[in-house]
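# Report on the structure
Letter by letter, the chains look like this.
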Amino acid sequence: MTIHRLPTDRIFKSIIWHLLPVYKLWFLSILVSIWTRMSKSFIQDLIKYFPSNIIPGILSFIIVPIITRLFPPDDYGNYTLANATSYLLSIISVNWLSVSIIRFFPFYSIQSKSNEFCNNILKLTLYSIFGIYSIALIALFFIKKYISSQLFSLLLLSIPMSILNAYFNVLL
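Residues numbered from 1 in each chain as written. Predicted model: local features only at pLDDT ≥ 70, side-chain atom pairs only at ≥ 80, totals over all residues. Heavy atoms only, no water.

## Things to note about helix α3 (residues 114–142)
- In a regular helix each residue adds 1.5 Å, so 29 residues correspond to 42 Å; α3 covers 42 Å between its end C-alpha atoms and thus fits that length.
- All buried positions along α3 are accounted for by F117, I121, T125, S128, I129, Y133, A136 and L140.
- Looking at the buried side of α3, the elements it contacts are α2 (73–110) and α4 (149–171). (Helix = DSSP H or I, 4+ residues; strand = E, 2+ residues; numbered from the N terminus. Expected span 1.5 Å × (residues − 1). Buried < 20%, exposed > 50% of the residue type's maximum accessible area, 1.4 Å probe, protein only. Contact = heavy atoms within 4.5 Å.)

This is the structure:
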């Protein structure tokens, strides 16, 4: 089976081919100006946000050997499990809200409905935190007999810390 091409397809390609050298410099100059503006703003943003990403990494690199020397492996393992559970619950409960804020806030601010948007996000945050952490608390009491009392206590303490982390994750 052969595919028949329309003559307009050849004409269009011919026009593009002949106009390409004329517009190539124009197009390249636009790309260079965009790249220059983007690279300047990228470097400025990198300078602003670099400390907030590098300082926690350096601190954890310094603190982990100290903590592992101070605590026995079982206690450090329990701490790590509680910390990982806390972060996981925080991500499940409010990460989707952070993405929604990034996606929809400009639309609502253009329509001058930013107060309504913020109120809705605050309500959704509270509902989500209440729902997820209620389920986590109930699940924690169901698995109480399968885990050590030390781990249970740490997980019980990590829930309020995780709630605060999730709440401030959305607000900030």
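Let's pick the thread back up.
## Side note on the packing of aromatic side chains
- What the rule picks out here adds up to five aromatic pairs.
- Taken together, a centroid distance of 5.7 Å and an interplanar angle of 50° make the contact between F105 and F117 tilted. Note that F105 is positioned in helix α2 and F117 in helix α3, a separation of twelve residues in sequence. (Phe/Tyr/Trp six-rings, centres within 6.5 Å; stacked < 30°, edge-to-face > 60°.)

## What to know about α4
- When the terminal C-alpha atoms of α4 are compared, their 34 Å separation across 23 residues agrees well with the 33 Å that a helix rising 1.5 Å per residue should span.
- Roughly 25° is the biggest bend found in α4, and it falls at I159, with proline P160 one to four residues downstream.
- By the burial criterion, the buried members of α4 are L151, F152, L155, S158, I159, S162, A166 and V170.
- In this structure, the buried residues of α4 make contact with α2 and α3. (Bend = angle between axes of the 7 residues up to and from the residue.)

## Let's talk about the nonpolar core
- Counting 16 residues, the largest nonpolar core has V94 and Y133 as the members making the most contacts within it.
- Contributing elements (two or more residues each) for this core: α2, α3 and α4. (Core = buried A, V, L, I, M, F, W, Y, C linked by side-chain atoms within 4.5 Å.)

## As for the layout of surface pockets
- A volume near 190 Å³ is recorded for the largest pocket.
- Lining the largest pocket, in full, are Y79, A82, N83, S86, Y87, L154, L157, S158, M161 and N165.
- Where the lining of the largest pocket is concerned, the elements lending two or more residues are α2 and α4.
- For the lining of the largest pocket, the residue count by class is six nonpolar, four polar and no charged. (1 Å grid on protein atoms, 1.4 Å probe; cavity = no way out; pocket = protein on both sides within 12 Å on 5 of 7 lines; lining within 4 Å. Points joined across faces, edges and corners; volume = space filled by probe spheres on them. Nonpolar A, V, L, I, M, F, W, Y, C, P; charged D, E, K, R; others polar.)

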